[in-house]
Amino acid sequence: MPKRKRQTDGKRTEPTTRIDRRVVLGGMSAIVASALSGPTSAMALPEKDQQSRPALAGARLRKVATEEAFTIPEVAEAMRDVARRGGTNLDLKVLNLIYGATPDTSTSNRNTAAPTLLSRLLSLDATRISEMDANGVDMQVLALAIPGVQMFEADKAVALARLSNDRLSEAMRSHPTRFAGLACFAPQDPRAAVLEMERAINRLKLNGFLVNSHTQNVYLDDSRYWPVLEAAEGLGAPLYLHPRAPSDGMAAPFRDYNMDGSIWGYAVDASTHALRLMLSGVLDRFPRLRIVLGQMGAALPFWLWRLDSVAAPGSRAALRNKLKPSEYIQRNFAITTSGVQDPQALRFCIDKVGADRIMWAVDYPFQPTAPAVKFIESAPLSDQERAQIAFQNAQQIFRIAK
Ligand code: MN
């Protein structure tokens, strides 16, 4: 840690090396923590004894955000059609918010000159990169925004997946140090999906895949989707299992109180989906498949003890799993911090899942970037854990060039 002289008026003399504002603020919070917690705090310990520090104290932290959304005009237009047609699907609420007739009145941007949610999603250039720069985000791992192409008719979904992946790879070529990308595909047509997945990795050099949970109310453990899982495994590319609102069969209790989305429905749907992959035995069929879950693992880490105790292999007739749920988590899963900035939840996940399986994420533009940056820069982590979670794991798991 650089030594800083204290002046008699209490102000610090900044070190002569160039430091940015975030590091200064991090140092200040460390001093506050030191004052509050006395001589055992990280600030008071010699460098070699610091297992955990309240804030980044050294060089600037590289940050790769791993669940970041974009769209393209053609998909936005098709989404608008889906939203106009209406229906009972729970995701229509979020579609109306993003793509509805008056998207410019999204609450956070009303009466301001700030970019709207939709304009942020559509930017693969200046607007997006300037917000990344303003917050110190080095790279975004991009994916087509919820619900991907999964609410379109099959032919349209196949065509728009292809177009989206082309645009994504163009953006990555224009900004190779700022963008990585996860391909979408159309589960509605598994054969076409497999071809697009192969093209996305082998030709377009994308970094993996993202699927928005169920498609037409069917989850990926269904045998019709096995070719998709086989392709992801064979290509050695991770599949980000992004949430969407609960499928029609479990939608009713989520309709009130806005419970369908990020408040609760996303986590219930994503964790249910992940558990189906485990308990169906599908992960024994595809043992090298790598799944990424957002939202700190959608609460699954918290439930692992109980799941292991009641879903041990062969303990109930309906179970088809050969491993305990915690063993699948260790073998097949990684999680991200998208939308969760709770240091206690992060520490728990490090203990249960491992610091080498957790990646930082913002969920731009649905969640604000600044608090997510503050979280990863200030959470009580060792230097090694912070580097792993902020960028190293993402680089390894998504095979991003360093
Ligand atoms: Mn998201």
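Residues numbered from 1 in each chain as written. Predicted model: local features only at pLDDT ≥ 70, side-chain atom pairs only at ≥ 80, totals over all residues. Heavy atoms only, no water.

Draft legend 1. Geometry of the overall build of the chain. Scanning the chain for helices and strands turns up 16 helices and 8 strands. Put simply, the chain has 402 residues, and 55% of those count as buried. Look at the contacts in the chain between residues 6 or more apart in sequence, and 74% of them connect residues 24 or more apart. Accessible surface, the chain as shown: approximately 18,500 Å² in total, 54% of it carbon and sulfur. (Helix = DSSP H or I, 4+ residues; strand = E, 2+ residues; numbered from the N terminus. Buried < 20%, exposed > 50% of the residue type's maximum accessible area, 1.4 Å probe, protein only. Contact = heavy atoms within 4.5 Å. Areas by Shrake-Rupley, 256 points an atom, 1.4 Å probe, with all protein chains shown as cover.)

Draft legend 2. Just the pattern of salt bridges, in detail. As enumerated under the stated definition, the model contains 16 salt bridges in all. In this structure, the salt-bridge partner of D91 is R244, at a minimum N-O distance of 2.6 Å. Here R244 lies in the loop between β5 (239–242) and α9 (265–279) and D91 lies in the loop between α2 (73–85) and α3 (92–99), a separation of 153 residues in the sequence. Taking the shortest distance from any N to any O, the salt bridge between R331 and D284 comes out at 4.0 Å. (Salt bridge = Lys/Arg side-chain N within 4 Å of Asp/Glu carboxyl O.)

Draft legend 3. The arrangement of the sheet that holds strand β4 (residues 209–212) in detail. The parallel open sheet is built from 5 strands, whose spatial order is β4-β5-β6-β7-β8. Both edges of this open sheet fall to β4 and β8 (358–359), since each of them pairs with a single strand only. (Pairing = 2+ DSSP bridges.)

Draft legend 4. Geometry of the sheet that holds strand β1 (residues 64–70). Taken in spatial order, the 3 strands line up as β1-β2-β3 in an open sheet, and their pairing is parallel. In the strand order of this sheet, the two ends are held by β1 and β3 (179–181), each with one partner. Each strand axis lies, on average, 35 degrees off the axis of its neighbour in the sheet, ignoring direction. Of the pairings in the sheet, the one linking β1 to strand β2 (residues 139–144) comprises 5 bridges and is parallel in character. From the neighbouring strand, A65 faces β2, where its bridge partner is Q140. Along the sheet face, helix α6 (residues 154–174) touches β1, β2 and β3 and points at about 150 degrees away from the line of β3. (Axes fitted to C-alpha atoms, helices over the stretch in contact; angles between N-to-C directions.)

Draft legend 5. Here's a closer look at the environment of M359. Relative to the helices and strands, M359 resides in strand β8. Its relative accessible area of 0% is what places M359 among the buried residues. Apart from residues no more than four positions distant in its own chain, M359 is found in contact with T66, V292, A334, I335, T336, T337, I389, N393, A394, I397 and F398.

Draft legend 6. View of unusual backbone geometry. A cis amide bond links I146 to the next residue, P147, at an omega of 0 degrees. As for its position among the elements, P147 is in the loop between β2 and α6. Cis geometry marks the peptide bond from Y364 to P365, where omega comes out at -5 degrees. By the element assignment, P365 lies in the loop between β8 and α15 (369–378).

Draft legend 7. Broad picture of the pairing of strand β7 (residues 333–336). Judged by which residues are buried, β7 turns out to be covered on both faces: F333 and I335 on one side and A334 and T336 on the other are all buried. Sheet analysis places strand β6 (residues 291–293) next to β7, joined by 3 bridges and oriented parallel. Each bridged residue has a counterpart across the sheet, and for I291 the counterpart in β7 is F333. The pairing of β7 with β8 spans 2 bridges and is parallel. The partner of I335 across the bridge, within β8, is I358.

Draft legend 8. Molecular detail of the nonpolar core. Formed by 118 residues in total, the largest nonpolar core has its most connected members in F209 and F398. Not counting chain neighbours up to four residues away, the residues in contact with F398 comprise T66, V141, L182, N207, P238, Y240, V292, M359 and N393. (Core = buried A, V, L, I, M, F, W, Y, C linked by side-chain atoms within 4.5 Å.)

Draft legend 9. Looking closely at the confidence of the model for the chain. Here the chain shows a mean pLDDT of 87. Residues at 70 or above account for 82%. Low confidence marks residues 1–51, where pLDDT is under 50. Its contacts with residues over four positions away, or in another chain, come to 56 contacts. Across residues 103–107 the pLDDT falls below 50, and counting only partners more than four positions away or on other chains, this stretch makes 6 contacts in the model. (pLDDT = per-residue confidence, 0-100.)

Draft legend 10. Up close: the coordination of the manganese ion. Summarising the metal site, the manganese ion is bound by the protein donors E67 (OE), H242 (NE2) and D363 (OD), whose distances to it range over 1.9 to 2.3 Å. Site description for the manganese ion: donor spacing in sequence, E-x174-H-x120-D. Highlighted residues: E67 in strand β1 and H242 in strand β5, separated in sequence by 175 residues. A residue is classified by how much of its surface remains accessible, and H242, at 9% relative accessible area, is buried. (Donors = N, O, S within 2.8 Å, 3.2 Å for Na, K, Ca; no water.)

Draft legend 11. View of α2. Between its first and last C-alpha atoms α2 spans 19 Å; for 13 residues at 1.5 Å apiece the expected length is 18 Å, and the two agree. For α2, the complete set of buried residues consists of V75, A76, A78, M79, R80, V82 and A83. Packing partners of the buried residues in α2 comprise α3, α4 (117–122), β2 and α6. Once α2 finishes, G86 follows within two positions and takes phi at roughly 70 degrees, a positive value. (Expected span 1.5 Å × (residues − 1).)

Draft legend 12. The arrangement of empty space enclosed by the protein in detail. Inspection of every chain in the model, using the stated rule, returns 4 cavities of 30 Å³ or more. In this structure, the largest cavity encloses a volume near 60 Å³. What lines the largest cavity is simply E67, E68, A69, A143, L144, A145, I146, L210, H242, D363 and F366. Mapped onto the lining of the largest cavity, the elements with two or more residues apiece are β1 and β2. Ranked by residues supplied to the lining of the largest cavity, first place goes to β1 with 3 residues. A breakdown of the residues in the lining of the largest cavity according to their chemical character gives 7 nonpolar, 1 polar and 3 charged. (1 Å grid on protein atoms, 1.4 Å probe; cavity = no way out; pocket = protein on both sides within 12 Å on 5 of 7 lines; lining within 4 Å. Points joined across faces, edges and corners; volume = space filled by probe spheres on them. Nonpolar A, V, L, I, M, F, W, Y, C, P; charged D, E, K, R; others polar.)

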